[in-house]
Amino acid sequence: MNQNLEQRALAEKDMPSKARLLAALSNRFRMEIFDVLHKKQTGHWGGSASACDIVTALYFHRMRLDPLVPLWEDRDRFVLSKGHASPLLYTVLAHRGYFPPPLLGSFRDLDSSLQGHPCMNKTPGVDMSTGALGHGISVGVGMALAARLKQKNFKTYVMVGEGCLDEGQSWEALMSAGKFKPWGLTLLVDNNDVQLDGTSREIMPLEPLGDKLRAFGWNVAPALYDGNNMQDIFTSFEALDAMEFWPKAVLYKTAKGKGVSFMEGKSAWHGAPIDKDSYEAGRPELVSAFERALAEVR
Amino acid sequence: MGETMRDSFGKYLVDIGATRSEVVVMDADVSSSTKSSYFAKAYPDRFFNLGVAEANLVDVAAGLATAGLRPVVNAFAIFLALKSTDQIRNVLAYNSLPVVLAGAYGGLSDSFDGASHQSIEDVAIMRAIPGLQVLVPADAGEMRLALDYALGQDGPVYIRLTRNEAPALASRPESLAITKIRKLTSGGDVTIAATGLCVAMALQAAESLRAQGKNAEVLDVTCIKPLDADALAASVAKTGHLVTAEEHTVIGGLGSACAEALSERGLPFCLKRVGVADRFTESGPYERLLAKYGISAEAIVRQAASIC
Ligand SMILES: Cc1ncc(C[n+]2csc(CCOP(=O)(O)OP(=O)(O)O)c2C)c(N)n1
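Residues numbered from 1 in each chain as written. Chains lettered and ligands numbered in written order. Predicted model: local features only at pLDDT ≥ 70, side-chain atom pairs only at ≥ 80, totals over all residues. Heavy atoms only, no water.

A few words now on the overall build of chain B. Along chain B, the regular secondary structure elements total 13 helices and 12 strands. For 308 residues, the compact-globule formula gives about 19 Å, and the C-alpha radius of gyration of chain B, at 19 Å, lands near that figure. When its C-alpha atoms are laid out on the principal axes, chain B stretches across 60 × 40 × 35 Å. Burial status across chain B gives 62% buried among its 308 residues. (Helix = DSSP H or I, 4+ residues; strand = E, 2+ residues; numbered from the N terminus. Rg over C-alpha atoms; globule rule 2.2 N^0.38 Å. Buried < 20%, exposed > 50% of the residue type's maximum accessible area, 1.4 Å probe, protein only.)

Our next topic: the interface of chain B and chain A. Across the contact, 24 residues belong to chain B and 26 residues belong to chain A. With a closest N to O distance of 2.8 Å, Asp-113 of chain B and Arg-108 of chain A form a salt bridge. Linking chain B to chain A there are 16 residue pairs in polar contact (both at pLDDT 80 or more). At the level of secondary structure, the elements contributing two or more residues to the side of chain B that touches chain A comprise helix H2 (31-34), helix H5 (77-83) and helix H12 (286-292) of chain B. Of the residues assigned to the side of chain B that touches chain A, the class counts are eight nonpolar, nine polar and seven charged. (Contact = heavy atoms within 4.5 Å. Salt bridge = Lys/Arg side-chain N within 4 Å of Asp/Glu carboxyl O. Polar contact = N/O pair within 3.5 Å; in protein donor to acceptor, adjacent residues only side chain to side chain. Nonpolar A, V, L, I, M, F, W, Y, C, P; charged D, E, K, R; others polar.)

All right, on to empty space enclosed by the protein then. Within the structure shown, the criterion is met by two cavities of 30 Å³ or more. Grouping the constituent residues of the lining of the largest cavity by class yields six nonpolar, five polar and two charged. Per-domain counts for the lining of the largest cavity show at least three residues from each of domain 1 (5-160) and domain 2 (182-307) of chain B. One number sums up the size of the second largest cavity: a volume of about 50 Å³. As for the second largest cavity, its lining consists of Ile-33, Val-36, Pro-87, Tyr-90, Thr-91, Leu-104, Phe-107 and Leu-114 of chain A. Looking at the lining of the second largest cavity, the elements that each hand over two or more residues are helix H2 (15-40) and helix H5 (86-96) of chain A. (1 Å grid on protein atoms, 1.4 Å probe; cavity = no way out; pocket = protein on both sides within 12 Å on 5 of 7 lines; lining within 4 Å. Points joined across faces, edges and corners; volume = space filled by probe spheres on them. Domains from an automatic or database assignment.)

Here we come to the state of the cysteines. Overall, the coordinates contain zero disulfides over all chains when judged by the stated rule. Sulfur of Cys-119 of chain A: no disulfide; nearest cysteine sulfur belongs to Cys-164 of chain A and is 18 Å away. Free of any disulfide, Cys-258 of chain B has its nearest cysteine sulfur in Cys-223 of chain B, 12 Å distant. The exposure class assigned to Cys-258 of chain B is buried, which follows from its relative accessible area of 0%. (Disulfide = S-S within 2.5 Å.)

Moving on, we get to the packing of helix H4 (residues 52-62) of chain A against helix H11 (residues 230-242) of chain A. All names here are of chain A. Close contact between H4 and H11 brings their axes to 10 Å; oriented N to C, the two are set at 60°. By the angle between their directions, the pair H4 and H11 is classed as oblique. Every pair of crossing elements has a handedness; the one defined by H4 and H11 is right-handed. Taking contact as the criterion, the partners of Asp-53, Ile-54, Thr-56, Ala-57, Leu-58, His-61 and Arg-62 in H4 are, on H11, Met-230, Ile-233, Phe-234, Phe-237, Leu-240 and Asp-241. Looking at side-chain class alone, the contact of H4 with H11 contains eight nonpolar, two polar and three charged residues. (Axes fitted to C-alpha atoms, helices over the stretch in contact; angles between N-to-C directions. Parallel < 35°, antiparallel > 145°, perpendicular 65-115°, else oblique. Left-handed = near helix turned anticlockwise from the far one by under 90°.)

On to the packing of aromatic side chains. All names here are of chain A. Across all of its chains, the model carries 11 aromatic pairs over all chains by this definition. Plain terms: the ring middles of Tyr-59 and Phe-78 are 5.8 Å apart, the flat faces sit at 90° to each other, and that makes the pair edge-to-face. In this pair, Tyr-59 is assigned in helix H4 and Phe-78 in strand E1 (residues 77-80), connecting sequence segments 19 residues apart. This pair shows no difference in class: Tyr-59 is buried, exactly as Phe-78 is. A network of ring pairs unites the aromatic residues Phe-34, Trp-45 and Tyr-279 as a single cluster. The ring of Phe-154 carries Arg-77 above its face, with NZ or CZ at 3.8 Å from the centroid. In this arrangement the basic side chain of Arg-96 is found over the ring face of Phe-60, its NZ or CZ atom lying 5.6 Å from the centre. (Phe/Tyr/Trp six-rings, centres within 6.5 Å; stacked < 30°, edge-to-face > 60°. Lys NZ or Arg CZ within 6 Å of the ring centre and 35° of its normal.)

Right, let's get into the nonpolar core. By size, the foremost hydrophobic cluster in this structure holds 64 residues, and its most contacted members are Trp-45, Tyr-59 and Phe-78 of chain A. Considering every element that reaches this core, the biggest residue donor is H2 of chain A, with 11 residues. Contacts of Tyr-59 of chain A, omitting those with residues within four sequence positions, involve Leu-65, Phe-78, Leu-89, Val-92, Leu-93, Arg-96, Tyr-98 and Gly-125 of chain A. Counting 60 residues, the second-largest nonpolar core is a separate cluster that includes Val-199, Ala-206, Ala-216 and Ala-297 of chain B. (Core = buried A, V, L, I, M, F, W, Y, C linked by side-chain atoms within 4.5 Å.)

Further remarks concern unusual backbone geometry. Between Glu-207 of chain A and the following residue, Pro-208 of chain A, the backbone shows a cis peptide bond with an omega angle of 0°. Structurally, Pro-208 of chain A is set in the loop between helix H9 (200-203) and helix H10 (209-215). Positive phi is not limited to glycine here, since Gln-151 of chain A has a value of about 50°. The exposure class assigned to Gln-151 of chain A is exposed, which follows from its relative accessible area of 72%. Phi at Asp-29 of chain B is positive, roughly 65°, even though this residue is not glycine. As for its placement among the helices and strands, Asp-29 of chain B is situated in the loop between strand E1 (23-27) and H2.

This is how it looks when you write it as structure tokens:
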């Protein structure tokens, strides 16, 4: 039944049931990411875990795509501006059918197609290489402008974290989107409140973020959504669809390191290797979260 | 296991902070990586974390420097070189402001993060900026000397650091300024000019060459700009063969600097550059990654043997 979660979720027409299936799937992805990062002793857990539900929802529910034709020109685009969440992107892409999941075990190996940060010329399904923070929104503006010029109706999604929004370029990009109002551009903020060195409040306060985005010409979804709750993520999509004007933005409250209680909200787990003790202490929590979610879809 | 260079650096900043109240330390949300976090803890009033905003970081440092403070700016080498280039050139260098730029995770030392984080052009970029001095220490001892030197300058200095352990070399003679080339071995067959972690590789290479009956003169070049061209020329005039070794693209770094200086002196010499060829690197374990991209003692030996 585990193997079928992907197919069941993709086929499900009833939205509440689909949300439950995707919640189970996302919990399984978190477990898999945790395993790979422990095994490899490198890679970023915190920001992968926080954004896991949102990215799962994008690829299994929201985006128009064809894993068999990764470069299909009408596909929706996704730019992971916080490229250090590559383990998440790779896990979702693999299980969505872009490449065989066993490849995930080669993450960050020499000669692997799965680079430390996403590389569009090495990994099928990656729409833009990222890693240096601050580029994503600009690239998204360009992609969305291209859709207009080429009379396509693909959508462009850009995901950022607070740290990524520290970069001046992010605000140049936000301003330019306010000017060009490109159709189809949506900004997803993974608002986990923590960056590399500490909380955003300590490092670089961003609030009131929604107001700032609005002041820059963005149409911001009306609520702060729980980005670790699949049903709430679905609700956020409905809210986005109910909005008339572009560009659109949505803020998701999430927990950095979601799923392992002693890692949640801790900058220490931004990118530290997951040691054996922490792995053994943390994994049962992820397993039971998955089993609970799975019980909902039996 | 010895201490990593970033750890030694972070601790040394704290030592400096104890006696020099004008030293302020700044970071771009990577203080737990650069280890400027130690200074932050010791002197919270003199530490500024500007968030992931390297351009702003450098110009705020410039402002501090105009009023007599001595900022030490920390960020990943690649992001200082690429995201703050305008600020470094048009504000720090143009105005000769005494700011120390400490580029963390130089070369391929951020090996697993991959090409987006590996700094293979920083020396070339920094070297091209008028009035900006460029130092690449090979071990913790040289790192301390470089930092002392930089904090004594009237203009900006870029110091490229490594994330990892740097095997300690024999300590430098006290009379030898950090801007001068240090000769580590003497030999008449080939000169090996190396910088950063490649100095240790060059010493290994010299041993292998000796086993092949070839005597290499290993030069430790900490200061890439200004380059100690006299010492370099004296060695190459003797050997006629030069191998340069650096954790950097072969374009614009130590190899280029040496070639320029020697050519202008009209010296006949045969040159091989060990470094990253004109291509992007990738993720992987540090040592194997270096080897794959042509940076190793073996590579130095191979290149040396090919010309002498
Ligand atoms: C330009 C740049 N500077 C520094 C870094 C190092 N770095 C990687 S992740 C990170 C913090 C990111 O915080 P955030 O965007 O909030 O990510 P999340 O908490 O969602 O993982 C930093 C500073 C980088 N990748 N790029």
